[in-house]
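Now for the letters of each chain:
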Amino acid sequence: MPATDITENSFVANWSAVEYASEYLVELYKLVNVEGKAGDVEVVIEEDFLNCNKAATAIQDNMDTYMSVAGWTGSNVYSETGMLCVGSLNNAGNLTTPLFDAEGNVTITLKVAKYNSNASDIKLFIDILDAAGKVVATDVVSAVGIVEFKASVDDKFSVRFST
């Protein structure tokens, strides 16, 4: 739903209620693209996985069908009705973004969740890869929720998430 009561300094965000939702997360970004200035922000990819509309379906062989941006790769990747599952109870998995062309400081933001409440503690490995596939930065996430990972890149890069 579009915003209403828009002024120079404010607006009212509107949305339809989601059944059984107890809270909502609203993220507001101001994208500034001033060449050569510190603090520039450019979103190089945004993927919500909403095209993953089939439950328990292996998609690693045709991932472009399920993504809004082509070029993702992975193993043991499953569509799970509006979200993506990497790995399974018995098999580790990985998901790699398309190659990006950027230079400087990057922030990877993602929402991490357990597949089911009976799952053991989560451990997600995040690697920044250069154009040749060499790991240039890495981190391990063991929390659920909104996670940020920051790294510095020199040129083309991709991000690999592994379980």
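What comes next is a walk through the structure. (Residues numbered from 1 in each chain as written. Predicted model: local features only at pLDDT ≥ 70, side-chain atom pairs only at ≥ 80, totals over all residues. Heavy atoms only, no water.)

**What about the pairing of strand 8 (residues 124-130)?**
Our working rule: Throughout, exposure labels follow a simple rule: accessible area from a 1.4 Å probe, protein chains only, divided by the maximum for the residue type, with under 20% read as buried, over 50% as exposed, and the rest as partly exposed. Elements are defined by DSSP. Helices are runs of H or I of four residues or more, strands are runs of E of two residues or more, and each kind is numbered from the N terminus. When DSSP finds two or more bridges between two strands, those strands count as paired.
Of all the 7 residues making up strand 8, 5 are buried; the element is thus mostly covered by neighbouring parts of the structure. Relative to strand 9 (residues 135-141), strand 8 runs antiparallel, the two being bridged by 6 bridges. Bridge pairing in strand 9 places Leu124 opposite Val141. Taking the residues that link successive antiparallel strands as the turn, the strand 8-strand 9 hairpin has 4 residues, and the phi of Gly133 there is positive, at about 90 degrees. Relative to strand 11 (residues 156-162), strand 8 runs antiparallel, the two being bridged by 6 bridges. The residue bridging Asp130 from the neighbouring strand is Phe157, located in strand 11.

**Some points on the packing of aromatic side chains**
Note the cut-off: Working definition: rings of Phe, Tyr and Trp (its six-membered ring) pair if their centres are within 6.5 Å, and the pair is stacked with planes under 30 degrees apart, edge-to-face with planes over 60 apart, and tilted otherwise.
Inspection of every chain in the model, using the stated rule, returns 2 aromatic pairs. Centroid distance Phe49 to Trp72: 5.8 Å. Interplanar angle 70 degrees. Geometry classified as edge-to-face. Here Phe49, found in the segment before strand 1 (57-58), pairs with Trp72, found in the loop between strand 1 and strand 2 (73-75); they are 23 residues apart in sequence, far enough to count as distant. On the numbers, 5.2 Å between centres and 55 degrees between planes, the contact of Phe100 with Phe157 is tilted. Linking Phe100 in strand 6 (residues 100-101) with Phe157 in strand 11, this pair joins segments that are 57 residues apart in sequence. Residue class for Phe157 comes out buried when judged on its relative accessible area of 3%.

**Focus: the sheet that holds strand 4 (residues 84-86)**
Reading across the sheet, the 3 strands line up as 1-3-4 and stay open at both edges, with antiparallel pairing between neighbours. Each edge of the open sheet carries a strand with a single partner, namely strand 1 and strand 4. Pairing of strand 1 with strand 3 (residues 77-79), which is carried by 2 bridges, proceeds in the antiparallel orientation. Bridge pairing in strand 3 places Ala58 opposite Tyr78.

By themselves these figures say nothing about function.
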